[in-house]
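Residue-level listing of the chains:
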Amino acid sequence: MKIQTKLVLSLGTMTLAIALAYSALALWRICQNAERNTDDIKAVIRRNLEREIWSKARDIARQVEIYLEAHPFDRNDDKLHSIAVQKIQQTGYSGLHDGIGRSDGCYVFHMNRAVEGKSLSGFRTKLPVLWKAIEFSLHGRETSSYYLWDDNGRMREKFFVSIPAKGTDCILFATVYVDEFYGPLRDAERAIRAELLLTIRLLLGPAVALTAVMVFVSLLLARRMSRPIRELTARAQAIGKGNLDEKIAVRSRDEIGELAGVLNRMSTDLKAYIDNLRKTTAAKERMEGELNAAHNIQQSLLPHTFPPFPQVREVDIYAAMVPAREVGGDFYDFFFIGQDRLAFLIGDVSGKGVPAALFMAIAATLMRSFALSRLPPAEIMARTSEELALQNDSRMFVTAIYGEYDLRSGRLELVSAGHNRPVMIRGGAPEYLALPPNIPLGTGFRRAYAVQALEILPGDTLFLYTDGVPEALDARDDFYGEKRLLSVLASGGKSNSPKGLCEAIESDLQRFSGGVEAADDLTLLALKINSRK
């Protein structure tokens, strides 16, 4: 026999008859008084409510009529507004809408000025009961109605009255929450609670005696049932301390025996799970170590010593790359391809993680190799695109900007492969440069890349970045945007160094994101011209 059956047979029989008798008596008294009191009070409340709201509405309507006998009707008349819109009790108010003789009307004066001028026909589907009363009042007749109003997700009953204002096409309306007048009903509830306390007193004496009997019987039963439970507890504690080979030998056929079997199976499953978790953790640690190594290798591929050319005083350059994961697909580079010619580039590989990092390494190596071969900028981009397209089964591509600057002439040549527009800061004023549109690298399409040549002056700063900057998100999923970037560059453009400019952008991005994890890699590169050679 199971424990549940034992308890029901031993205790249920003794408690059932007494509990039913006293509970029936208590419920009968409570229900009889509650129904009688509640119905009577609700009827009184509604009569008083209707009488008071009708009286108040007629009084306000008469005030409006008296005022209009001496003044012309003006929707902008604040005095008329203060007469028509009055507070009623704690939650109610009055107002004025037009529409007599028409099929619809608009609010003229309302407690919430934001709805003044809005049509009443919106209630046609939202509140059909209220709209039926409004339609009736548009015929110039007094009316009233009860309806339900959604008060911040809670449906509350309201009472509505409308009275035509003589001499106008307007109707004075008044509305109030019904539950504001339920003070008498609350008194009835207190009376019901008093009846309930009386009933509890009637039950208290027998309940105490019955409880004593149940405790005595429970103690007798507990002695017989606690022996296997104590054994089960001891074995379960051994399993909890890590001895997963411990088996529970309780052989009873009730719930205790079933629980023993469940714990034995659980210890076996838990042992297998721990072994699997140990293997999974070791594999994860190896993967994390490999990713950290890949991160260090990727960072070492990028120039990270600043200033990179301390002997060259004509220019100052700084760059930074922050991957969204351990490794990323953004890259930058800068190097001299002649005594007086500085090459620089920035790029963004489609995708993230290890595949993007590998593709990034190939793209950066190709562009550096072709640049050091002294190919023209357009040819560098075309050759790189062709090489990346070969055996590109993953269909990845690269957006990039490649530039060459002549230290003597000040001539700057830029080629964009579908990349974000660069920014030129001249005299502290940043402005986006419009470069010829070109397709990204590695798409497989053979296209000639257009070059933009311009003169850059001492004091100018060229700022390049990847799409991780304007597409950064805050906690509300709003974008950082190009306008904010220009604003920060305008204030940070007064910095005397490219490093200070990049650090200003990074700091503002951190403030903007508010701790939201970056979804894309972030790369910045700033080139400042100090003088001509």
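See the structure above.
Quick look at the structure, then. (Residues numbered from 1 in each chain as written. Predicted model: local features only at pLDDT ≥ 70, side-chain atom pairs only at ≥ 80, totals over all residues. Heavy atoms only, no water.)

### Comments concerning helix α4 (residues 128-137)
Moving on, step 1. Within α4, the full set of buried residues consists of L130, W131, A133, I134 and S137. Taken around the axis of α4, the buried residues stretch over an arc of 160°, which confines them to a single face. Exposed side of α4, more than 90 degrees from the buried face: P128 and K132 are the residues found there.
Moving on, step 2. For α4, the secondary structure elements touched by its buried residues are β2 (92-98), α3 (123-126), β4 (143-151), β5 (154-164) and β6 (170-177). (Buried < 20%, exposed > 50% of the residue type's maximum accessible area, 1.4 Å probe, protein only. Helix = DSSP H or I, 4+ residues; strand = E, 2+ residues; numbered from the N terminus. Arc of directions from axis to C-beta. Contact = heavy atoms within 4.5 Å.)

### Quick look at the sheet that holds strand β16 (residues 522-529)
Moving on, step 1. In space, the five strands of this open sheet follow the order β7-β16-β15-β12-β13, with antiparallel pairing throughout. Of all the strands in the sheet, the pair left with one neighbour each is β7 (315-322) and β13 (429-432). On average, adjacent strands in this sheet sit at an angle of 15° to one another, irrespective of strand direction.
Moving on, step 2. Along the sheet, helix α9 (residues 482-492) makes contact with β12 (423-426), β13 and β15 (461-465), crossing β13 at roughly 150°. (Pairing = 2+ DSSP bridges. Axes fitted to C-alpha atoms, helices over the stretch in contact; angles between N-to-C directions.)

### Some points on the pattern of salt bridges
Moving on, step 1. In the structure shown here, the tally under the stated rule is 24 salt bridges.
Moving on, step 2. For R113, the salt bridge is made with E116, and the minimal N-O distance between the two is 3.8 Å.
Moving on, step 3. The closest approach of N and O atoms between D474 and R476, which form a salt bridge, is 3.9 Å.
Moving on, step 4. Take D474: its relative accessible area is 8%, and that puts it in the buried class.
Moving on, step 5. A cluster of three or more residues bridged by salt bridges with shared partners is formed by R341, E404, D406, R411 and E413. (Salt bridge = Lys/Arg side-chain N within 4 Å of Asp/Glu carboxyl O.)

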